[in-house]
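Structure assessment
One-letter residues, chain by chain:
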Amino acid sequence: MANKPWSADDIPTQQGRISVVTGSTSGVGKETARVLAKKQSTVVLAVRNVSKGEKVAAEIRADYPDTDISVMQLDLSSLRSIQAFSSQFLATFDSLDLLINNAGVACPYAKTDDGFEILMGTNHLGHFALVGHLLETLKKTPNSRVVVVSAGAHKASKIDLDDLNWEKRKYSNFMAYADSKLANLYFAYELKRRLEPEGDNPIVTAAHPGWTTSELQRGVVKFLNIFFGQSKEMGALPTLRAATDESASSGDFFGPQDFFELHGAPIKVESSKQSHDIVAARKLWTLSEELTGINY
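Below is a summary of the structure that appears in this document.

With that settled, consider the environment of Leu 96. Topologically, Leu 96 is positioned in the loop between helix 3 (79-92) and strand 4 (98-101). Among the residues examined, Leu 96 registers a relative accessible area of 0% and is labelled buried. Considered as a pair, Leu 96 and Val 20 are 76 residues apart in the sequence and their alpha carbons are 7.9 Å apart. In contact with Leu 96, not counting residues within four places along its chain, are Ile 18, Val 20, Phe 89, Leu 134, Thr 137, Leu 138, Thr 141 and Ser 144.

Written as structure tokens, this is what we have:
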């Protein structure tokens, strides 16, 4: 049927491919890992809470007994933990087909172990460091892919690259979150540009889940789920399409197709004009290397 909405049924077999999904103990990350396991990928749940991760792995094994799924500890708010995870992964696997940078926090103001504002430190800098540690393995794995999960909130960002850790401005939790989600796209697009001369391997795609219901939602936001919210199964589809659609190109951004990209089947969408600011993206890249000590 022409123009049939894309669904998980369109995902080709992932047998023989190794996938890492960060933040996969709940929500979109858990659903992403479940579908990849169903499609026969070897899946690594990269999670902060190992006991929760083991419960998720057990649930997935119960549904798909032949799946190859494992759990590794990863706290993206700690550069030391990121280093330890990367070392463990590279000691276990000699290839990496799919790295899905899904984990994200939306918590009150705090600082990471390394002194970064918690949202930028976890959502952007943590993943920047993780990809940096694993990039050479991704490069040597044919047809590998990096997926960066952003959010529609990136369009509200007024990022200040001279005050990334909110040391000079009055703190706004929402704006800090929006900044971190814009930073995700700066990173994805700049990584894509840097890999182009080497032949686009891995290719780099991005996605956002739209308005997806979550156990973290409260009050008015939870009430609005009645009108705008979609299931975790639907919310995971943009990420899954970014990860597995064989027609996707490096730099593609996927999100829901309906009602201002809040819900619906995943399609290729456009991020904000600001997200394509090459000068800002390069400045953030240099700053990220300085802050994390990871040099690509």
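Attention now moves to the packing of helix 5 (residues 173-195) against helix 9 (residues 278-292). In contact at an axis separation of 9 Å, helix 5 and helix 9 are set at 95° when each is read in the N-to-C sense. It follows from the interaxial angle that helix 5 and helix 9 lie roughly perpendicular. Two secondary-structure elements touch here, helix 5 through Ala 183, Tyr 186, Phe 187, Glu 190, Leu 191, Arg 193 and Arg 194 and helix 9 through Ile 278, Ala 280, Ala 281, Arg 282, Leu 284 and Trp 285. Across the contact of helix 5 with helix 9, the residue classes tally to nine nonpolar, no polar and four charged.

Time to look at helix 3. For helix 3, spanning 14 residues, the distance from its first C-alpha to its last is 20 Å, which sits close to the expected 20 Å at 1.5 Å a residue. Among all positions in helix 3, only Leu 79, Ser 81, Ile 82, Phe 85, Ser 86 and Phe 89 are buried. In an axial view of helix 3, the angular spread of the buried residues amounts to 155°, which keeps them on one side of the axis. Residues of helix 3 that are exposed and angled more than 90 degrees away from the buried face: Arg 80 and Ala 91. Where the residues of helix 3 are buried, they touch strand 1 (18-22), strand 2 (42-47), strand 3 (69-73), helix 4 (118-140) and helix 9.

Cis rather than trans, the peptide bond between Asn 201 and Pro 202 has omega equal to 0°. Structurally, Pro 202 can be placed in the loop between helix 5 and strand 6 (203-207). You will see that Gln 40, though not glycine, has its phi angle at about 80°, which is positive. When you line up the elements, Gln 40 lands in the loop between helix 1 (27-38) and strand 2.

Between its terminal C-alpha atoms helix 4 stretches 32 Å, which fits the 33 Å expected from 23 residues at 1.5 Å a residue. By the largest-angle criterion, Leu 134 marks the main kink of helix 4, which is about 50°. Counting buried positions over the 23 residues of helix 4 gives 18, a clear majority of the element.

Turning to the nonpolar core, a few remarks are in order. By size, the foremost hydrophobic cluster in this structure holds 49 residues, and its most contacted members are Phe 85 and Phe 89. When near neighbours in sequence (up to four residues on either side) are disregarded, Phe 89 contacts Ile 18, Val 20, Val 44, Met 72, Ser 95, Leu 96 and Leu 134. Judged by nonpolar contacts, the second largest core, of 29 residues, contains Val 43, Val 47, Ala 57 and Val 149.

Rules used throughout
Residues numbered from 1 in each chain as written. Predicted model: local features only at pLDDT ≥ 70, side-chain atom pairs only at ≥ 80, totals over all residues. Heavy atoms only, no water. Helix = DSSP H or I, 4+ residues; strand = E, 2+ residues; numbered from the N terminus. Buried < 20%, exposed > 50% of the residue type's maximum accessible area, 1.4 Å probe, protein only. Contact = heavy atoms within 4.5 Å. Axes fitted to C-alpha atoms, helices over the stretch in contact; angles between N-to-C directions. Parallel < 35°, antiparallel > 145°, perpendicular 65-115°, else oblique. Nonpolar A, V, L, I, M, F, W, Y, C, P; charged D, E, K, R; others polar. Expected span 1.5 Å × (residues − 1). Arc of directions from axis to C-beta. Bend = angle between axes of the 7 residues up to and from the residue. Core = buried A, V, L, I, M, F, W, Y, C linked by side-chain atoms within 4.5 Å.

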